Amino acid sequence: MTKLRLLSRLQVVVAVLALVTLATVLIGLGIGSSPVSYDRLIPTITGHGTFEDRFVLFSLRLPRMLITMLAGMALALSGAILQGITRNELADPGIVGINAGAGVGVTVFFLFAPLDVDSSVYVIPLMAFAGGIGTAVLIYAFSYTRGEGIQPIRLVITGVGFSLALSGIMIVLMSTVDRTKVDFISKWLAGNVWGTDWPFVLALLPWLIVLIPYVLYKSRALNLLALNDPTAIGAGVAIRRDRILLMLAAVALAASAVSVTGGIAFIGLMAPHMARALVGPRHQQMIPVSVLTGGWLLLLADTIGRNVWAPEGVATGIVAALIGAPYFLYLLLFKDSSAA
Amino acid sequence: MDDRVSRKVPPKPSSSYAFKVFVCLVLFVAMFTLAVILGAKNVSLADIWSAVTDPHAKGDDISVIRELRLPREVGGALVGSALAVAGAIMQGLTRNPLADPGLLGLTAGANAALAAALAFFPAVGYFGTMVACFIGAAVSVMLVFGIIALRRRNLSPLRMVLAGSAVSALLAAVADGISLHYKISKNVSMWTSGGLIGTTWGQIATIAPVIVACLIVSVLLSRPLTILSTNEGTAIGLGLRTTRVKIALYVLTTLLAGAAVALVGNLAFVGLMIPHLVRTFAGTHYRTIVPLSAIVGGTFMVFADTLARMINVPFETPVASIVAILGLPFFLFIVRKGVRSFS
């Protein structure tokens, strides 16, 4: 990398990611349980397609792809924040248990409300947020030891325990009330993208529009927090306040994603790592790249899940776990240098 | 159950140990009886007595007891004992207080194999299912410990559990994928979340011999296990063939976990909780921990299953969820306190 280059490395990476995502969208639009051939794609998009093609593209496929992409972005950003503020390479909203907590919030909501899409789309993320916050506080409290602070590995392992138990609570809650909803919840737990309509795009988008700039604005603080507390304090970071605010942002992002797509783990783990490998650890550059990577990863997982074993497909969360778990193992055993 | 304990090799049964076993057995029998009485339809003690002792007794309650309650509770006791003992052995073997067949991915592997067996050989019987579970558990043992062995440095207990949970996530995804694709998720989830619903005498007759045999061998191997659990060097110094004993113990845990999954499905935390619970009153010697874990594990599982039946009569609540909720406090406690004080 010389300074004479016309484009910075960041710009190249962003451009390539955008192109790859666009390519995935185009491929994904064409294939599926009722394929739309590629020569009909352009006319349909410009408004000259048949009714059937228009319906498939605009009412089924496009919203779903947008939703998975946005959810992937939210999860990746959430993971990047968590990894930064806990100085833990293994942090991920799914692994740490925030997804499961958000799930309990949503479950409680379903217990008292009918499965009515129109009104509940905007309430569900709030319920998920409440559940996620509660869980985050609990996990934080249980992994905190006086004098030592938070030990990274202990945080993750407490989260693993919590997510097992919270999934249990979710199933117990559901099965005591309504047998027909159990099926829905168990699919939702596996990470089935169920909200596939335009309102869900609107339910996800505001969170991202507000929180991505906020986190970027905070990226200097994140850089310093990722080093160690004394350095951050010395450089003038209000560590307690910033850590809490960023934690809230991470939970809000994870909760909004989870409320639409269900429990998807490992995306928030992988995307920041890939971003770090591509553009280095500075959050100013790492965050935009990991957001793009996360969006693309989940889109890819969903496209694979939709098309392998058509027509019913495989839950996106399953595909994400198949890709992500080996990566997690690799990090855990060979990369992560933090003391256990 | 009773005769299994009496067959235990009695080396130096101190009076306090015999007393503990006695108390645990009494608790077990009480819990078992309670579990048979309670249910969507409560039955009387007299009916239970005649159902067990009088082969000519007839009636609705009698057949409920014989065909539904008894096999179910016997199955629960077997599964609980198997998982608890498997957990105790793993904790000693890996010197890891957090070891548990569920947390380290054994049951997830057995579960994935079960899904595969149901998908590819739909006509497979109980025995075939059980063999599939053994294979699955064995594969995941090799996977987890192989991965751990890949890393030269010694792996900390917490990290080992994280590796196990990642393998679990992977294998659970495989199981989900298989069962969704072959449209057998109902059959598979009957195992994974259904717990002990519809346990029959046929299933028990297939699986019980394996579990009972493994439990007996575990008790026989508990002395070398104690030595191993202290320190590998000591074990070699005392003339223990460590490799042979270790392989035998790994095989035992695999068989126990596989058999448990074949009966009840994927279940975490039992193998973690029970041995720790037992240690609080029985010390650190595996010669006492293993038999007591078997009894207490059986009691606990019967209790959890009864809870699962009673929370929402007449519907069943998945027992795995109840165990997960009950297990969390233990897990947190051990993560906080136990890792440092253990061994």
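None of these values were measured; they are calculated from a predicted model.

1. A closer look at the overall build of chain B
- Within chain B one finds 15 helices and zero strands.
- By residue count, 52% of the 343 residues in chain B fall in the buried class.
- Across chain B, the fraction of contacts at a sequence separation of at least 24, relative to all contacts at a separation of at least 6, is 77%.

2. Overview of the confidence of the model for chain B
Residue and element names in this part refer to chain B.
- When pLDDT is averaged along chain B, the result is 82, and 88% of the positions lie at 70 or above.
- Considering each helix and strand of chain B separately, the mean pLDDT is smallest for helix α1 (residues 2–6), with a value of 44, and largest for helix α14 (residues 286–310), with 91.
- Between residues 1–11, whose pLDDT stays under 50, and residues either more than four places distant or in other chains, the model counts 17 contacts.
- At the level of chain-chain contacts, confidence expressed as ipTM amounts to 0.74, with global pTM at 0.80.

3. Quick notes on the interface of chain A and chain B
- Taken together, the 36 residues of chain A in the interface contact 34 residues of chain B.
- Where the side of chain A that touches chain B is concerned, the elements lending two or more residues are α7 (152–177) and α15 (316–335) of chain A.
- Sort the elements by how many residues they give to the side of chain A that touches chain B and α7 of chain A lands first, with 17 residues.
- Along the lines of polarity and charge, the residues of the side of chain A that touches chain B split into 27 nonpolar, six polar and three charged.

4. Let's talk about the packing of helix α4 (residues 60–94) of chain B against helix α13 (residues 270–282) of chain B
Residues and elements named next belong to chain B.
- Where α4 meets α13, the closest approach of the two axes is 7 Å, and the angle between their N-to-C directions is 75°. Judged on the interaxial angle alone, α13 and α4 are roughly perpendicular. Mapping the contact onto sequence places Gly80, Leu83, Ala84, Ala86, Gly87, Ala88, Met90 and Gln91 in α4 and Val270, Gly271, Leu272, Ile274 and Pro275 in α13.
- Residue composition of the contact of α4 with α13, by class: nine nonpolar, four polar and no charged.

5. What to know about α13 of chain B
Residue and element names in this part refer to chain B.
- Taking 1.5 Å per residue as the helical rise, α13 with its 13 residues ought to reach 18 Å, and the 18 Å between its terminal C-alpha atoms agrees with that figure.
- Counting buried positions along α13 gives 10 out of 13 residues, so the element sits mostly inside the fold.
- Within two residues after α13, Gly283 carries a phi angle of roughly 80°, on the positive side.

Cut-offs and rules
Residues numbered from 1 in each chain as written. Chains lettered and ligands numbered in written order. Predicted model: local features only at pLDDT ≥ 70, side-chain atom pairs only at ≥ 80, totals over all residues. Helix = DSSP H or I, 4+ residues; strand = E, 2+ residues; numbered from the N terminus. Buried ≥ 20, exposed ≤ 12 C-beta atoms within 10 Å, placed from the backbone. Contact = placed C-beta atoms within 7 Å. pLDDT = per-residue confidence, 0-100. Nonpolar A, V, L, I, M, F, W, Y, C, P; charged D, E, K, R; others polar. Axes fitted to C-alpha atoms, helices over the stretch in contact; angles between N-to-C directions. Parallel < 35°, antiparallel > 145°, perpendicular 65-115°, else oblique. Expected span 1.5 Å × (residues − 1).

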